[in-house]
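# Structural features, examined
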Amino acid sequence: MMKKTILAALTLFMSTSTLAAEFNFTFAHVLSDQTPNGKAVRAFAKEVNEKSDGRINVMVLPAGQLGGDVEIIEQLQMNMVQIAIPPTATLGNFEPRVQILDLPFLLPSKQVMKKVLDGPTGRKILDTLDGHGMHAINFWGAGFRHMTNNVRPITSPDDLKGLKMRTMQSPILLSTYRNFDANPTAMAYSEVYNGLQQSVIEGQENPIANITSKRFYEVQKYMTLTSNAYHGYAAIMNDKAWASLPDDLKLVMTNAFNYGRDLSRDLTDQLEADALDNIKKHTEVTELTPEQIQVFVKASLPVHEEFRETITSELLDDVYTDINDL
């Protein structure tokens with residue numbers, strides 16, 4: 001009922017003639033306003049309004065007011081929502097190739113992440129969303145994902161054996177944990193805290209920003225800084241909404257999306273140091289050695305090969321080339 005009420009309000013927002021803006025867009029996402037990306041979305045909306053001289057107005061609906069990421073993507077495809085930043089793992093249910101970024105231990109560092117996501121390979125990945133009612137602009141993100149659990153410290157793939165691990169609804173993530181002999185369960189982000197508290201699941205993976213905003217450290221004994229995948233968000237627009245913009249406003253939007261991307265990364269970096277200190281007050285934190293990370297990398301290669309055909313050899317080899325060129 002609440003979602004129907006919000007959607008009705010959106011219809012009024014989009015149709016009212018009292019608004020001075022030529023274009024009125026809704027930006028929906030599941031994150032709290034206090035997360036780095038939540039703050040970046042607000043800054044993006046302000047930037048668009050100012051740089052377009054008020055010709056574009058963006059209404060932000062955070063914290064899952066319109067539902068989870070899948071629901072928001074579906075609403076965007078129907079042009080009920082015009083802008084979103086869903087995780088690549090969730091977008092993989094709409095376009096399998098975009099889930100390449102969720103391959104375990106694919107991107108070894110922030111430097112590699114930026115080279116891949118912000119360069120020609122990233123553009124190729126974004127372009128796979130064409131034809132799905134979406135126009136993808138760039139990649140935002142919340143940092144690298146790390147593993148937490150209530151059973152034991154994780155220092156090798158063997159430590160995951162039998163653990164009930166929550167993942168996003170992603171074939172690659174589910175396969176990753178099965179490959180490590182864990183018991184993965186797909187669960188909505190909003191349900192994870194209660195799932196951990198009630199022992200429906202024993203562990204989960206998320207970037208530090210999300211672990212902090214949802215206070216998962218309150219219900220987890222162990223955390224390992226695995227950096228097993230970059231938690232990327234694809235900044236997308238409804239394709240018709242994008243096409244409706246004249247070229248000068250497309251440039252305004254593109255520049256604002258890049259501004260939001262860079263701000264989200266900077267804010268994430270600023271948050272992680274202080275947030276990790278706070279997590280350590282509640283949870284035992286383990287940092288892997290380079291040798292331990294290589295064990296995980298080797299154990300992850302079967303998942304890369306399992307999904308090579310799905311994500312295409314071309315995209316996977318492009319990423320490998322970017323990594324090797326550094």
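All chains use their own residue numbering, which begins from 1 and follows the written sequence. Since the coordinates come from a predicted model, pLDDT governs what is reported: local features require at least 70, and pairs of side-chain atoms require 80 or more to be given and counted, while whole-chain, interface and lining totals use all residues. Hydrogen atoms and water are omitted, and side-chain values are computed over all heavy atoms in the structure.

## Observations concerning the packing of helix α6 (residues 120-127) against helix α14 (residues 313-325)
Where α6 meets α14, the axes come as close as 10 Å, and the angle between the chain directions of the two elements is 155°. Taken as axis vectors, α6 and α14 run roughly antiparallel relative to one another. Crossing geometry of α6 relative to α14 is assigned as left-handed. Here Thr121, Lys124 and Ile125 of α6 come into contact with α14, specifically with Glu314, Leu315, Asp318, Val319 and Asp322. Inter-axis angles, ranging from 0 to 180 degrees, are taken between N-to-C directions of lines fitted to C-alpha atoms, where helices are fitted over the stretch in contact. Under the scheme used here, helices are H or I runs from DSSP no shorter than 4 residues and strands are E runs no shorter than 2 residues, and both carry numbers assigned from the N terminus. In these notes the angle categories are as follows: under 35 degrees is roughly parallel, over 145 is roughly antiparallel, 65 to 115 is roughly perpendicular, and the rest is oblique. What makes a crossing left-handed is the near helix being turned counterclockwise from the far one by less than a right angle; a clockwise turn instead makes it right-handed. Contacts: residue pairs with any heavy atoms within 4.5 Å of one another.

## Description of the side chain of Thr224
The residue Thr224 is located in strand β8 (residues 222-238) in this model. Counting of polar contacts relies on pairs of N or O atoms within 3.5 Å, with two restrictions inside protein: one atom must be capable of donating a hydrogen and the other of accepting it, and residues adjacent in sequence are counted only when both atoms are side-chain atoms. At 2.8 Å, the side chain of Thr224 forms a polar contact with the backbone oxygen of Ile154. Aside from chain neighbours lying at most four places away, what touches Thr224 is His146, Met147, Ile154, Thr286 and Leu288.

## Overview of the side chain of Arg265
For Arg265, the position within the fold is in helix α11 (residues 247-279). Only 2.7 Å separates the side chain of Arg265 from the side chain of Asp118, close enough to count as a polar contact. Among the polar contacts made by the side chain of Arg265, one reaches the main-chain carbonyl oxygen of Phe139 at a distance of 3.3 Å. Setting aside its immediate chain neighbours within four residues, Arg265 contacts Met113, Lys114, Leu117, Asp118, Phe139 and Tyr230.

## Side note on helix α12 (residues 290-306)
Count 3.6 residues to each turn of an α-helix, and residues three or four apart come out pointing the same way. What a helix should span is 1.5 Å times the count of its residues minus one. Under the 1.5 Å per step criterion, the end-to-end length of α12 is 25 Å for 17 residues, consistent within 8% with the ideal 24 Å. At Ser300, α12 shows its largest bend, some 30°, and a proline, Pro302, comes one to four positions later. Exposure categories follow from relative accessible area, calculated using a 1.4 Å probe and restricted to protein chains: below 20% of the type maximum is buried, above 50% is exposed, and the middle band is partly exposed. When we look at burial in α12, the residues that qualify are Phe296, Ser300, Val303 and His304. A residue's bend is the angle separating two fitted axes: one through the seven residues that end there, the other through the seven that start there.

## A short note on the pattern of salt bridges
Only one rule defines a salt bridge in this text: a Lys or Arg side-chain nitrogen within 4 Å of an Asp or Glu carboxyl oxygen. A complete count under the given rule lists 17 salt bridges for this structure. Here Arg55 makes a salt bridge to Glu22, at a shortest N to O gap of 3.0 Å. Highlighted residues: Arg55 in the loop between α2 (36-51) and β2 (56-61) and Glu22 in the loop between α1 (2-15) and β1 (23-28), separated in sequence by 33 residues. For Glu22, a relative accessible area of 51% translates into the label exposed. The partner of Lys124 in a salt bridge is Asp318, with the nearest N and O atoms 2.9 Å apart. In this pair, Lys124 is assigned in helix α6 and Asp318 in helix α14, connecting sequence segments 194 residues apart. Residue classification places Lys124 among the partly exposed residues on the basis of a relative accessible area of 37%. Members of the salt-bridge network, linked through shared partners, are Asp118, Arg261, Asp262 and Arg265.

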